[in-house]
Amino acid sequence: QPERAIHLALVYLSLGQHATASQLLQQLPDDAQSSAFALLAAAMLAQASGESSQAATLLQQRAELASGHRIWQLQALVLNRANLASDNARQQS
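Residues numbered from 1 in each chain as written. Predicted model: local features only at pLDDT ≥ 70, side-chain atom pairs only at ≥ 80, totals over all residues. Heavy atoms only, no water.

At a closest axis distance of 11 Å, the pairing of helix α2 (residues 18-26) and helix α4 (residues 36-48) adopts a crossing angle of 155 degrees. Judged by the inter-axis angle, α2 sits roughly antiparallel to α4. Note that α2 runs across α4; the crossing there is left-handed. Taken together, the residues of α4 that come into contact with α2 (itself represented by H18, A21, S22 and L25) are A41, A42, L45 and A48. Of the residues that constitute the contact of α2 with α4, the class distribution is six nonpolar, two polar and no charged. (Axes fitted to C-alpha atoms, helices over the stretch in contact; angles between N-to-C directions. Helix = DSSP H or I, 4+ residues; strand = E, 2+ residues; numbered from the N terminus. Parallel < 35°, antiparallel > 145°, perpendicular 65-115°, else oblique. Left-handed = near helix turned anticlockwise from the far one by under 90°. Contact = heavy atoms within 4.5 Å. Nonpolar A, V, L, I, M, F, W, Y, C, P; charged D, E, K, R; others polar.)

Here helix α1 (residues 2-14) spans 18 Å end to end across 13 residues, near enough to the 18 Å set by a 1.5 Å rise per residue. Of all the positions in α1, only A5, I6, A9 and L13 are classed as buried. One side of α1 carries all its buried residues, which in axial view fall inside an arc of 100 degrees. In α1, those exposed residues whose orientation departs by more than 90 degrees from the buried face are R4 and S14. Against the buried residues of α1 lie α2 and α4. Taken from the residues just after α1, G16 is the one with a positive phi, measuring 80 degrees. (Expected span 1.5 Å × (residues − 1). Buried < 20%, exposed > 50% of the residue type's maximum accessible area, 1.4 Å probe, protein only. Arc of directions from axis to C-beta.)

See the structure below:
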């Protein structure tokens, strides 16, 4: 079941086993890979792997699935590239 595989991937992610988590997410059926839960898990994996722009893209895709979910939009906004650039500028100064 796709949900179980996503949960298991998140467990591996929490254990720092990014490769195993990635493999589990990649093995999901195509329709499950584009589900909101799978996109969130993939974004979490991307963020943990230092790929903030990829995480932001995935969260944006997730937010587009249901425009009524304000929290999904907020999560996408937080990792927006422009916000990341301003965070980096603040950290450097």
